Amino acid sequence: FRKLLLATGIAAALLAPVAAATSASAQEVKTRIIRFGYGLSESSNQGRAVKYFAEELSKRSGGKFKMKGFGDASLGNDIQMQNALIGGAQEMMVGSTATLVGIVKDFGVYDLPFLFNNEKEADAVLDGPFGEKLLKSLNHKGLVGLVYWENGFRNLTNSKRPITKLEDMGGIKLRVMQNPVYIDMFNRFGANAVPLAFSELFTALETGTVDGQENPVTTIQSSKFYEVQKYLTISRHVYSPWIVLASKRWYDGLSADEKKILHEAAIASREFERKDSREASAQSVAYLTEKGMQINELSPAELDRMREMVKPAFDKYASDGGAEVLKEIQAAIDAVRK
Ligand code: TK8
């Protein structure tokens, strides 16, 4: 009997590669039209990664997966797209994790100021068990979280004055994402936080509805904020992830082979996106200088003051129901820092 088991085991092992090779065959992989929405422009780091993802899906499915990207929030802003995915009216999207807090509150933990020190820490925590657990928490809300992409460390821009010290932020009407952690953080800094969808931001800056905003330098470049903002302050106050989402309704209709293709292409897109974003980010400051922005870096002493000032934001987050998730992410970060 043992021998027989062994023999069938060997037979299965020998057959496995054949099965894998033919798994992308006609009956297991159907023609799929995927509408993939995103907020930035086609020429942005986000747009480039969407294009890469579409190509990977096509390649890995023998042309069966036809993913079309819709940039510039043409299918709606982040929150509208999340709801379209939940309802099954749209298949996929990429957007900020920060705007997911209306669906799973725990995502707000990523937004706590100065949480990650560098990209390496962020990658390890997001791609590790902690990040995976948060992705999974979306499942019972009608969403499937596939991978995290890099939006990046966020910096401040405004049209009023250079921010060289904390006090310079006083009274500045600053657009933030629709997220309580961001509102709390910037009000503590002394600014006047105004939550607004990204799709409305350029116009709000142009008309003076708000004086400033905060985003990674890649976005400040690709969304042409330099046309309506004079001052850029490198503050790196929050590391901001993007999250690639699928509609659970749609995803549940995929075969096992199709799901595998989707997950593998998503991981490939993540690797591409992070590398590309980091390269682009290194070029952005020179580009923005050339476009006439006045740029300064915050001194380490000033950053320490900011850190000190927003410490209570962590306690507030914990007492608002985030104690458990905060403890978990801090343990995950500590493990990387060691
Ligand atoms: C794009 C947004 C953007 C984010 C923001 O849809 O809203 O400021 O940084 O990337 O998700």
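Residues numbered from 1 in each chain as written. Predicted model: local features only at pLDDT ≥ 70, side-chain atom pairs only at ≥ 80, totals over all residues. Heavy atoms only, no water.

Time to look at the site of the ligand. Taken together, Gly39, Asp78, Ser96, Asn151, Arg154, Arg175, Met177, Phe198, Asn215 and Trp242 are the residues near the ligand. Separating an oxygen atom of the ligand from a side-chain N or O atom of Arg175 is a distance of 2.8 Å. Interatomic distance of 2.7 Å between a side-chain N/O atom of Asn215 and an oxygen atom of the ligand. Coverage of the ligand by the protein amounts to 98% of the 300 Å² it exposes when considered alone. Residue contributions to the shell around the ligand reach at least three from each of two domains, namely domain 1 (30-150 + 240-283) and domain 2 (155-238 + 285-337). (Near = heavy atom within 4 Å. Polar contact = N/O pair within 3.5 Å; in protein donor to acceptor, adjacent residues only side chain to side chain. Areas by Shrake-Rupley, 256 points an atom, 1.4 Å probe, with all protein chains shown as cover. Domains from an automatic or database assignment.)

Right, let's talk about helix α10 (residues 256-290) for a bit. In this model α10 runs 50 Å from its N-terminal to its C-terminal C-alpha over 35 residues, within 8% of the 51 Å that 1.5 Å per residue would give. At Ser284, α10 is bent by approximately 35°, the largest bend along its length. Two residues or fewer after α10 comes Gly292, characterised by a positive phi angle close to 95°. (Helix = DSSP H or I, 4+ residues; strand = E, 2+ residues; numbered from the N terminus. Expected span 1.5 Å × (residues − 1). Bend = angle between axes of the 7 residues up to and from the residue.)

Attention shifts here to the domain arrangement of the chain. Reports of interface size often rely on the accessible area that becomes lost once the parts have come together. Taken domain by domain, the chain holds domain 1 (30-150 + 240-283) and domain 2 (155-238 + 285-337). Contact with domain 1, which involves 36 residues of that partner, is made by 39 residues of domain 2. Both sides of the domain 1 and domain 2 interface together cover about 3,200 Å² of buried area, and 65% of this is carbon and sulfur. Linking domain 1 with domain 2 are two salt bridges, by the criterion used here. One salt bridge in this structure joins Glu328 and Lys133, with 2.9 Å as the shortest N-O distance. The interface formed by domain 1 and domain 2 contains twelve residue pairs in polar contact (both at pLDDT 80 or more). Secondary-structure elements contributing two or more residues to the side of domain 1 that touches domain 2 are α4 (119-127), α5 (129-136) and α10. A class-by-class count of the residues in the side of domain 1 that touches domain 2 yields 17 nonpolar, 13 polar and six charged. (Contact = heavy atoms within 4.5 Å. Buried area = accessible area lost by both parts, 1.4 Å probe. Salt bridge = Lys/Arg side-chain N within 4 Å of Asp/Glu carboxyl O. Nonpolar A, V, L, I, M, F, W, Y, C, P; charged D, E, K, R; others polar.)

Generally speaking, soluble globular proteins have nonpolar side chains that are buried together. The biggest cluster of nonpolar side chains holds 33 residues, and the ones touching the most others in it are Phe107, Val109, Tyr110, Phe116, Leu138 and Ile329. Mapped by element, the contributors of at least two residues to this core are α3 (78-87), α4, α5, β4 (143-153), β10 (239-247) and α11 (300-337). When residues of this core are assigned to their parent elements, the largest contribution, six residues, is made by α11. When residues are assigned to domains, this core turns out to be shared by domain 1 (30-150 + 240-283) and domain 2 (155-238 + 285-337), each giving three or more. (Core = buried A, V, L, I, M, F, W, Y, C linked by side-chain atoms within 4.5 Å. Buried < 20%, exposed > 50% of the residue type's maximum accessible area, 1.4 Å probe, protein only.)

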